[in-house]
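Listed here are the chains, written in short residue letters.
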Amino acid sequence: SITYMEPASNLLKLGAFYSNDPAPGHPEIIRTPGYPILLLICGLGQANQYGPTQIVQTGLSVAAVFLTYLLGVRLVGRSVGQLAAAFQSLSILSIQHCISILSDCLFSFLVAIILLLLLRHFQDGSRWVIPLAAVLTAAATYVRPIGILLVPIVLVVLLFASPRQWHRAAEFVIICVV
């Protein structure tokens, strides 16, 4: 979508997150900077080179299929993990988004990692995963603003799953906000 490429290009050329709509040089208020930064990393801000972006997005989509498999295995079992991965890999939307200039691949990849990290915390009590999940939640919000809804959902889950460890929930929220 051109609405992602313009801010990426302006970020590269002008060093600021600007849009050309309604007029050149106005701050971008519709798109968040997370996905345009990925476009810059892939070289799309310089010219209309879709190839590297499509390769990266395909890699993220394949990784999301594997993460979906891991979620299924850890939550239910191997056969459910395989079935979930099969559904994810055959999703027409997922396949189409790999080759489109849209934030869906990056966002779904980040959400899958966040869910795996939180699952690991609940299964073995790993302390390091909460701060990492919070940082990735903040990153996901920079990719798609709807990611902000993960914060209260994870907060409630952390509070109800282990009320004695309320400091974990507070740590998650503080890191997301910062």
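See the structure printed just above.
Nothing here was measured: the structure is a model prediction, and the numbers come from that model. (Residues numbered from 1 in each chain as written. Predicted model: local features only at pLDDT ≥ 70, side-chain atom pairs only at ≥ 80, totals over all residues. Heavy atoms only, no water.)

Just give me the short version of the overall build of the protein chain, but keep the residues and values in it.
Check the secondary structure of the protein chain and you find nine helices and two strands. Helices and strands appear in the protein chain in the N-to-C order α-β-β-α-α-α-α-α-α-α-α. For the C-alpha atoms alone, the extent of the protein chain along its principal axes is close to 50 × 35 × 20 Å. Within the protein chain, contacts between residues at least 6 apart in sequence are counted, and of these 58% link residues at least 24 apart. In the form shown here, the protein chain has an accessible surface area of approximately 9,900 Å², with 69% of it arising from carbon and sulfur atoms. When the 9 basic and 6 acidic side-chain charges of the protein chain are each reduced to a single mean position, those positions are 15 Å apart. (Helix = DSSP H or I, 4+ residues; strand = E, 2+ residues; numbered from the N terminus. Contact = heavy atoms within 4.5 Å. Areas by Shrake-Rupley, 256 points an atom, 1.4 Å probe, with all protein chains shown as cover. Lys, Arg positive; Asp, Glu negative; His and termini not counted. Charge placed at Lys NZ, Arg CZ, Asp CG, Glu CD.)

Hey, could you go over the nonpolar core for me, with residue numbers and the actual values?
In terms of nonpolar packing, the biggest core is built from 37 residues, with Tyr 35, Leu 39, Leu 106, Leu 110 and Phe 172 touching the most fellow members. Listing elements by their share of this core, those giving two or more residues are α1 (2-14), α2 (34-41), α3 (50-75), α6 (104-124), α7 (129-143), α8 (150-161) and α9 (166-177). Here Tyr 35 is in contact with Tyr 4, Thr 53, Gln 57, Ser 100, Ile 101, Leu 102, Ser 103, Leu 106, Tyr 142 and Val 143, once residues within four sequence places are set aside. (Core = buried A, V, L, I, M, F, W, Y, C linked by side-chain atoms within 4.5 Å. Buried < 20%, exposed > 50% of the residue type's maximum accessible area, 1.4 Å probe, protein only.)

Give me the environment of Gly 77: which residues, what numbers.
Inspection of the secondary structure assignment puts Gly 77 in the loop between α3 and α4 (78-90). Separated by 39 residues in sequence, Gly 77 and Leu 116 have C-alpha atoms that sit 15 Å apart.

An account of the packing of aromatic side chains is requested, with residue identities and associated values reported.
Throughout the structure, instances matching the rule amount to two aromatic pairs. Measuring from centroid to centroid gives 4.8 Å for Tyr 4 and Tyr 35, while their planes differ by 75 degrees, and the two rings are edge-to-face. With Tyr 4 in helix α1 and Tyr 35 in helix α2, this residue pair connects regions lying 31 residues apart in the sequence. Neither residue differs from the other here; Tyr 4 and Tyr 35 are each classed as buried. Note that Arg 31 overlies the ring of Tyr 4, its terminal NZ or CZ placed 4.1 Å from the centroid. The ring of Phe 107 is capped by Arg 144, whose NZ or CZ atom sits 5.8 Å from the centre of that ring. (Phe/Tyr/Trp six-rings, centres within 6.5 Å; stacked < 30°, edge-to-face > 60°. Lys NZ or Arg CZ within 6 Å of the ring centre and 35° of its normal.)

Tell me about the pattern of salt bridges, and name the residues and values.
Considering all chains together, one arrives at three salt bridges under this definition. Residues Arg 144 and Asp 104 are paired through a salt bridge, measuring 3.4 Å at the closest nitrogen-oxygen approach. Of the two residues, Arg 144 is situated in the loop between α7 and α8 and Asp 104 in helix α6; the sequence distance between them amounts to 40 residues. Looking at Arg 144, the relative accessible area reads 30%, which means it is partly exposed. (Salt bridge = Lys/Arg side-chain N within 4 Å of Asp/Glu carboxyl O.)

Lay out α7 with the relevant residues and their values.
Taking 1.5 Å of rise per residue, 15 residues should cover 21 Å, and α7 covers 21 Å from first to last C-alpha, within 8% of that figure. Considering only its buried residues, α7 is in contact with α2, α6, α8 and α9. (Expected span 1.5 Å × (residues − 1).)

So what's going on with the side chain of Thr 32? Residues and values would help.
Position of Thr 32 relative to the elements: it lies in the loop between β2 (26-27) and α2. Within the structure, Thr 32 has its side chain in polar contact with the backbone oxygen of Val 143 (distance 3.1 Å). For Thr 32, the residues in contact, after removing those within four places along its chain, are Phe 17, Thr 141, Tyr 142, Val 143, Arg 144 and Pro 145. (Polar contact = N/O pair within 3.5 Å; in protein donor to acceptor, adjacent residues only side chain to side chain.)

Summarise the environment of Ser 94; cite the residues concerned and give the values.
Tracing the sequence through the fold places Ser 94 in helix α5 (residues 92-98). The sequence separation of Ser 94 and Val 62 amounts to 32 residues, and the corresponding C-alpha distance is 9.8 Å. Sequence-distant contacts of Ser 94, defined by excluding residues within four places in its chain, comprise Ser 61, Gln 88 and Cys 105.

How would you explain the state of the cysteines if you had to name every residue and give the values?
Under the criterion given, the structure shown has zero disulfides. Left without a disulfide partner, Cys 98 is nearest to the cysteine sulfur of Cys 105, which lies 4.1 Å away. (Disulfide = S-S within 2.5 Å.)

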